[in-house]
Amino acid sequence: MTVPEAEMTLASDVGGTFTDVVLTGDDGRVQVAKTLTTPADPAVGLLRGVRQVLDAAGVAPERIGRFVHATTLATNVILERTGVPVAFVTTEGFGSMLALGRQARVEEERYDLAYEQPDPPVPLTHTFAVPERVGATGEVLRPLDEEAAERVAGDIAALGVSAVAICLLHSYLNPAHERRLAEIIAARLPEGTPVVESAAVWPELGEYERATTTLMSAYVGPVMASYLRRLGGGLAELGITAPIHVMESAGGVLPAALAASRAVYTIESGPAAGVIAAARQGADRGLADLISFDMGGTTAKAGLVRGGRPGITHEFQVGGKGSFGGRRPGTGVPIKVPAIDLAEVGSGGGSIAWVDAGTLRVGPRSAGADPGPACYGRGGELPTVTDANLVLGYLDPDGFGEFRLSAELARNAIAEHVAGPLGVDVVEAAAAIHDIANAQMGAAVHVVTVRRGIDPRGFTLVALGGAAPTHVARLAEQFGIGRVLVPPQAGVGSAVGLLHADLAIERARTFLAPASTLVSCSASRDALGELAAIFADLERAARADLAIETGATAVRSVGVRFIGQAHAFTIELPSGQITPETVQRATEEFYKRYHESYGIDLRDPVELTTARVRVVIPSDPPPLPRADAVPEAEPRTRPIWLGSEFGEVPVLERAGCGAGEELAGPCVITEPQCSLLVPRGWRGVVDERGAILVERTEVRLERHS
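Residues numbered from 1 in each chain as written. Predicted model: local features only at pLDDT ≥ 70, side-chain atom pairs only at ≥ 80, totals over all residues. Heavy atoms only, no water.

> Please clarify how the overall build of the chain should be interpreted in this entry.
Looking only at helices and strands, the chain has 17 helices and 35 strands in total. Relative to the compact-globule value of 27 Å for 705 residues, the chain shows a C-alpha radius of gyration of 26 Å, a close match. Its C-alpha atoms put the chain at 80 × 65 × 55 Å along the principal axes. Residues counted as buried form 56% of the 705 residues belonging to the chain. Sequence separation of 24 or more characterises 68% of the internal contacts of the chain that already satisfy a separation of 6 or more. Summed over all atoms, the accessible surface of the chain reaches about 28,500 Å², with 51% contributed by carbon and sulfur. The distance from the centre of the 62 positive side-chain charges to the centre of the 85 negative ones in the chain is 3 Å. (Helix = DSSP H or I, 4+ residues; strand = E, 2+ residues; numbered from the N terminus. Rg over C-alpha atoms; globule rule 2.2 N^0.38 Å. Buried < 20%, exposed > 50% of the residue type's maximum accessible area, 1.4 Å probe, protein only. Contact = heavy atoms within 4.5 Å. Areas by Shrake-Rupley, 256 points an atom, 1.4 Å probe, with all protein chains shown as cover. Lys, Arg positive; Asp, Glu negative; His and termini not counted. Charge placed at Lys NZ, Arg CZ, Asp CG, Glu CD.)

Structure follows, in structure tokens:
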């Protein structure tokens, strides 16, 4: 009898510069490919990486049982405004909602006397209003005018749009008008044209945020659906028929069809995978409080893991300026879906260094994958952070991914565009680029810790992404962090994180009630019954999304806020019956969270705002990737910049570092996807799974930015 070979998992993460592909099986061994992203069609570079790992591992395509994917496609479509033509329909009297929007003037815009407000996401020529009105308690105050709706449908059809978004006032309480309006509009459009209703996307109070979330779902959805069809076809041509799962913003994965219809859920797809990877790596080593630091070619992202669990937000901004994480209203397009709480800055390995009126700037412009940094030798002429790191000796010219790096081209680019204009030598200019990049990346860590009242010094900083290990120790010094974890295959860390993501979907609905009503013995029965019924409806809908009836867990939570405030904390509820005691415990947890976040001990009356259910099918992930030691190569040294001068330091191959080996700084540990810089005053130890735990041995003067 022939025993069938075990199925294997493919994980892929498409970033702005590189596409990472990881192949693994039950033994934890991995095969990795890092290829340049193909911006015109990301599927092309991804499929190239898939072919590389299959060929290198000698694995037949038929053995792939699962394909997990993270992509920045949705984010890029919104930022670059390359989505499909969309029409937007709302309640009569609210047609200017998107044009008015919310704006926060930040950074240099604060002082711009000629500032112009950005164009709305949909032009007024594509914005329509229909006579109807649902009240704040769900009652119909004015029936839908179907004749007017027919006229609007005709006008939309004449525009030739590819999708329609509908957001009517208070439809989260009573979606009848939205549903009927969608039927009328769909009947006048070509078959298959998406007509997206806000009550189906995210039925919560807050018309503006619900409108932008619905609009972005319609704007991005057809692009995502087309991309996933091409990707599925390309995988099928290779012989891979495994289901495609796409990472969603909250750290789970969705079936491809659901990701296409709810593309707005995938906006933070890639960054979320990095935080999941950090959480799993920490849990495997007994580390529960972590800061995920994911630095790729275009951006750097930071996320917080507390008690082993990533932080989740239910409203974030896409685009805009300022290092405020995803929470600063008015700095972008608000999206109201669950997402791992991240801060992101435009500072990556490919960030371009430039001189502006005698001042050195780094980013947010990026050299991307085409042409890439000057040292790639692909036609890029502008200096980047990668070029600076190469000049400083931190990168190995012979071992970076698919190609060699040219120190000469890097030096020439820095000399022409930075050193010359500033009147300094090339090394001084390169060191300044490196230091500025560190400072800017510190802004992301600052947002998710200090700015939110959290002392980062007791956390472990986890380095993920091709550029992170080069900068992570210096970044830790800024905040007094004394321990850094660099996992095996850190250069493809987000792709590794995909291997451990659960299949999950979240549903929510507004439930507005004072907590006192729910805990009062005389009045709670009906209100608690209503809440329990909403939870049951949400769970059924979420299970239907995933096409499952059993074999999943349902996690319930509620939004809680002080009465009269606009923002709420999400408080998880225990399983079992919803009782007055359940609500009282949630209230006490809210008071505790509020005190932790703001340092204020208030006991004012609170209210529940939202009921949420997240249905999860736990994954059965392979073991964490390991780094098997190989016979050590001949010892070698290389001059690197030590802050004031160059010095010869040991250069070690990571594959040659065995468990228990100590790595005293200063030294450099190289591998094909990244390069770890261990500065003076730090010491690394290789654990039994091949991760490197780097700890500070000398106390330096920290800058608490």
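Structure's up, so let's keep going.
> Mind showing me how you'd approach the packing of aromatic side chains here?
Tallying each qualifying case throughout the model produces 12 aromatic pairs. Each ring, one from Phe-18 and one from Tyr-376, has its centre 6.2 Å from the other, and the planes form 55°; the classification is tilted. Residue Phe-18 is found in strand E2 (residues 18-24), and its partner Tyr-376 is found in the loop between strand E22 (359-366) and helix H10 (385-391); the two are separated by 358 residues along the sequence. Assessed through its relative accessible area of 14%, Phe-18 is described here as buried. The interplanar angle of 50° and the centroid separation of 4.7 Å between the aromatic rings of Tyr-594 and Tyr-598 together place this pair among those described as tilted. (Phe/Tyr/Trp six-rings, centres within 6.5 Å; stacked < 30°, edge-to-face > 60°.)

> I keep staring at the side chain of Ser-557 and nothing clicks. Help me out?
Within the element layout of this structure, Ser-557 appears in strand E26 (residues 553-562). By relative accessible area, Ser-557 is classed as buried at 10%. Non-local contacts of Ser-557, meaning those with residues more than four positions away in its chain, are made with Phe-535, Thr-570, Ile-571, Glu-572, Leu-573, Thr-610, Ala-611 and Arg-612.

> What exactly am I supposed to notice about the pattern of salt bridges here?
Side-chain pairs of opposite charge can arise whenever the charged atoms involved come near each other. In this structure the tally under the stated criterion is 30 salt bridges. For Asp-41, the salt bridge is made with Arg-230, and the minimal N-O distance between the two is 3.1 Å. Of this pair, Asp-41 sits in the loop between strand E3 (30-36) and helix H1 (42-57) while Arg-230 sits in helix H7 (residues 207-238), and the two are 189 residues apart along the sequence. Beyond isolated ion pairs, a larger network of salt bridges with shared partners links Glu-204, Glu-315, Lys-336 and Arg-612. (Salt bridge = Lys/Arg side-chain N within 4 Å of Asp/Glu carboxyl O.)

> Mind showing me how you'd approach the environment of Thr-125 here?
Considering the arrangement of structural elements, one finds Thr-125 in the loop between helix H3 (97-100) and strand E6 (127-130). Residues Thr-125 and Phe-88, 37 residues apart in the sequence, show an inter-C-alpha distance of 9.7 Å. Of note is the side chain of Thr-125, whose polar atom sits 3.0 Å from the side chain of His-126. (Polar contact = N/O pair within 3.5 Å; in protein donor to acceptor, adjacent residues only side chain to side chain.)

> I keep staring at the environment of Asp-26 and nothing clicks. Help me out?
For Asp-26, the position within the fold is in the loop between E2 and E3. Classification of Asp-26 as exposed rests on a relative accessible area of 58%. With 17 residues separating them in the primary sequence, Asp-26 and Thr-9 have C-alpha atoms 9.1 Å apart.

> Quick question: what am I supposed to make of the sheet that holds strand E29 (residues 636-641) here?
Each strand in a sheet pairs with another by means of backbone hydrogen bonds, the pair being arranged parallel or else antiparallel. Across the sheet, 4 strands lie side by side as E29-E30-E32-E33; this open sheet has mixed pairing. Edge positions in the sheet fall to E29 and strand E33 (674-678), since each of these pairs with one other strand and no more. Averaged over neighbouring strand pairs, the angle between their axes works out to 35° when direction is ignored. Relative to strand E30 (residues 646-653), E29 runs antiparallel, the two being bridged by 6 bridges. In the strand pairing of E30, Thr-637 is matched with Pro-650. (Pairing = 2+ DSSP bridges. Axes fitted to C-alpha atoms, helices over the stretch in contact; angles between N-to-C directions.)

> Would you explain the confidence of the model for the chain in this entry?
Detailed reading of the predicted coordinates is not advisable wherever pLDDT is low. Chain-level statistics for the chain give a pLDDT mean of 88 and a share of 93% at 70 or above. A low-confidence stretch, residues 701-705 stays under pLDDT 50, and its non-local contacts, those more than four residues away or across chains, total 16 contacts. (pLDDT = per-residue confidence, 0-100.)

> Sorry, what's going on with helix H13 (residues 468-478) here?
One turn of an α-helix holds 3.6 residues; hence residues three or four places apart share an orientation. The element H13 is largely enclosed, with a buried count of 10 among its 11 residues. For H13, the full list of buried residues reads Ala-468, Pro-469, Thr-470, His-471, Val-472, Ala-473, Leu-475, Ala-476, Glu-477 and Gln-478. Directly after H13, the chain includes Gly-480, whose backbone phi takes a positive value near 70°.

> Mind showing me how you'd approach the state of the cysteines here?
Cysteine pairs can be covalently joined through their sulfur atoms, and such a bond is termed a disulfide. Under the criterion given, the structure shown has 0 disulfides. Counting only cysteine sulfurs, Cys-667 is the nearest neighbor of Cys-657, a cysteine outside any disulfide, at a range of 8.3 Å. Given the relative accessible area of 7%, Cys-657 is considered buried. We note that Cys-674 lacks a disulfide partner, and the nearest cysteine sulfur, in Cys-657, lies 12 Å from it. Overall, Cys-674 belongs to the buried group, its relative accessible area being 4%. (Disulfide = S-S within 2.5 Å.)

> Please clarify how the sheet that holds E6 should be interpreted in this entry.
Pairing is parallel in the open sheet, where 4 strands are placed in the order E6-E5-E9-E10. Strands with a single pairing partner mark the edges of an open sheet, and in this sheet they are E6 and strand E10 (195-197). Taken pair by pair, the neighbouring strands of this sheet meet at an average axis angle of 20°, ignoring direction. The pairing of strand E9 (residues 163-167) with E10 spans 3 bridges and is parallel. The residue bridging Ala-165 from the neighbouring strand is Val-196, located in E10. Against the sheet, helix H4 (residues 146-159) contacts strand E5 (86-91), E6 and E9, and its axis sits at roughly 165° relative to E6.

> Please clarify how the packing of helix H12 (residues 426-448) against H13 should be interpreted in this entry.
For any two helices packed against each other, one specifies the crossing angle of their axes together with the interaxial distance. Two numbers describe how H12 lies on H13: the axes approach to 9 Å, and their chain directions differ by 65°. Here H12 and H13 pass one another in a crossing that is right-handed. Where H12 approaches H13, its residues His-434, Ala-437, Asn-438, Ala-439, Met-441, Gly-442 and Val-445 are matched on the opposing element by Thr-470, His-471, Arg-474, Leu-475 and Gln-478. (Left-handed = near helix turned anticlockwise from the far one by under 90°.)

> How should unusual backbone geometry be read in this particular structure?
Note: most peptide bonds trans; most residues except glycine with negative phi. Pro-364 follows Gly-363 through a cis peptide bond whose omega is 0°. Within the secondary structure layout, Pro-364 lies in strand E22. With omega at 5°, the peptide bond leading from Gly-665 into Pro-666 counts as cis. Notably, His-170 is not glycine yet its phi reads approximately 60°, a positive angle. Residue position: His-170 is located in the loop between E9 and helix H5 (176-188). Residues other than glycine seldom take positive phi values, yet Ala-357 does so here, at roughly 50°.

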